[in-house]
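Below are the chains, spelled out letter by letter.
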Amino acid sequence: MNGFFWFLKYIALGPLLRAVFRPWVTGVENVPAHGAAILASNHVSFFDSIFLPLMLERHVTFLAKSEYFTGKGIMGWLSRMFFKGTGQIPIDRSGGKASEDSLNTGLRVLASGQLLGIYPEGTRSPDHKMYRGRTGIARMVLEAHVPIIPVAMIDTQELMPAKSKLPRVRRVGIVIGKPLDFSRFEGLEGDRYILRAITDEIQYALWELSGQQYADVYASSIKATTPSLNR
């Protein structure tokens, strides 16, 4: 854990978030104290990537979209400082070779024994529903041979509704589920039907924890066809 992250977590940002938003967390015992694991989370707010790393004892490395590292203005600077300072990794989400590079980056994080945070939907929900997961997470689970832990962020979407310039004060929560075991599929990471089955099981676990409405389409497709939701 680098010095800047320690400073944010225990002196600056962490205590402020706890005092203002009074986040509650259940299931922390499901996060291993040591060793690599994947935290698979729903994604309804920019703040998901802030609350989860700051509320857990262990450091969590997220594969974060590259736009978080290139924003302009004060909010862009704050975002860039937070994500760089807390050791998050920018990824290109354009698909093709970029997706393969992201997968390999995640595998390197896991190989070093760290916690890796992933949003299976691939992007933030445009309307607070849960959408179909991308199968890259299933490949990573089978290739890395690590436990995968479902995590539901609760009510974080209420902090910064569309067109809001400042966060609202709302209580938020984190529900951490029991690890999912996919060892029965070992060696089948090349089977696209197996990858889809694993991904759907992960999404089902997240749906149970979050209580969100589920839509069996990709969130990126909704954003592409409804530009007003793509924020």
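Our subject is the structure listed above.
Residues numbered from 1 in each chain as written. Predicted model: local features only at pLDDT ≥ 70, side-chain atom pairs only at ≥ 80, totals over all residues. Heavy atoms only, no water.

This part is about the overall build of the protein. Each helix and strand counted, the protein has 8 helices and 9 strands in total. Across the 231 residues in the protein, those meeting the buried criterion constitute 47%. Intrachain contacts of the protein at a sequence separation of at least 6 include 78% that bridge at least 24 residues. Here the protein has roughly 11,400 Å² of accessible surface; of this, 57% comes from carbon and sulfur atoms. (Helix = DSSP H or I, 4+ residues; strand = E, 2+ residues; numbered from the N terminus. Buried < 20%, exposed > 50% of the residue type's maximum accessible area, 1.4 Å probe, protein only. Contact = heavy atoms within 4.5 Å. Areas by Shrake-Rupley, 256 points an atom, 1.4 Å probe, with all protein chains shown as cover.)

How two aromatic rings sit relative to each other is given by the distance of their centres and the angle of their planes. Tallied over the entire structure, the rule returns 6 aromatic pairs. Judged by centre distance (5.2 Å) and plane angle (25°), the ring pair of Phe 62 and Tyr 119 falls under stacked. Here Tyr 119 lies in the loop between strand 5 (115-118) and strand 6 (130-131) and Phe 62 lies in strand 3 (residues 60-65), a separation of 57 residues in the sequence. Residues Phe 62 and Tyr 119 agree in their burial class; the two are buried. Here a set of aromatic residues connected by ring pairs shows up, and it is made of Phe 21, Phe 46, Phe 47 and Phe 51. Sitting over the ring of Tyr 218, Arg 134 keeps its end group 3.8 Å from the ring centre. (Phe/Tyr/Trp six-rings, centres within 6.5 Å; stacked < 30°, edge-to-face > 60°. Lys NZ or Arg CZ within 6 Å of the ring centre and 35° of its normal.)

This part is about the nonpolar core. In terms of nonpolar packing, the biggest core is built from 29 residues, with Leu 39, Phe 51 and Leu 52 touching the most fellow members. No other element matches helix 3 (residues 48-55), which puts 5 residues into this core. Setting aside anything within four residues of it in sequence, one finds Phe 51 in contact with Leu 17, Phe 21, Pro 23, Met 153, Leu 159, Val 172 and Ile 174. Judged by nonpolar contacts, the second largest core, of 28 residues, contains Ile 91, Leu 103, Val 109 and Phe 182. (Core = buried A, V, L, I, M, F, W, Y, C linked by side-chain atoms within 4.5 Å.)

To continue, consider the packing of helix 1 (residues 3-10) against helix 3. At a minimum axis separation of 10 Å, helix 1 and helix 3 run at an interaxial angle of 90°. Our classification of the angle between helix 1 and helix 3 gives roughly perpendicular. For the pair helix 1 and helix 3, the contacting residues are Phe 5, Leu 8 and Lys 9 in the first and Pro 53, Leu 54 and Met 55 in the second. When the residues that make up the contact of helix 1 with helix 3 are grouped by side-chain class, the tally is 5 nonpolar, no polar and 1 charged. (Axes fitted to C-alpha atoms, helices over the stretch in contact; angles between N-to-C directions. Parallel < 35°, antiparallel > 145°, perpendicular 65-115°, else oblique. Nonpolar A, V, L, I, M, F, W, Y, C, P; charged D, E, K, R; others polar.)

The subject of this paragraph is the pattern of salt bridges. Using the criterion set out here, one finds 4 salt bridges in the structure. The salt bridge involving Arg 139 is made with Glu 143; its shortest N-O contact spans 3.4 Å. One end of the pair, Arg 139, and the other, Glu 143, are both in helix 6 (residues 136-144), 4 residues apart, so they sit about a helical turn from each other. Of the residues examined, Arg 139 reaches a relative accessible area of 24% and is grouped as partly exposed. The exposure class assigned to Glu 143 is partly exposed, which follows from its relative accessible area of 30%. Here Arg 184 and Glu 201 are joined by a salt bridge, their closest N and O atoms 3.0 Å apart. Placement of the pair is Arg 184 in the loop between strand 8 (173-176) and helix 7 (192-210) and Glu 201 in helix 7, with a sequence separation of 17 residues. (Salt bridge = Lys/Arg side-chain N within 4 Å of Asp/Glu carboxyl O.)

The relative placement of two packed helices comes down to the angle between their axes together with the axis-to-axis distance. One can describe the packing of helix 1 onto helix 2 (residues 13-21) by two numbers: an axis separation of 3 Å at closest approach and a directional angle of 25°. Classed by the angle they form, the pair helix 1 and helix 2 counts as roughly parallel. Counted together, Leu 8, Lys 9 and Tyr 10 of helix 1 and Leu 13, Gly 14 and Pro 15 of helix 2 form the full contact between these two elements. Split by residue class, the contact of helix 1 with helix 2 holds 4 nonpolar, 1 polar and 1 charged.

Treat this as a map of the structure, not an account of what it does.
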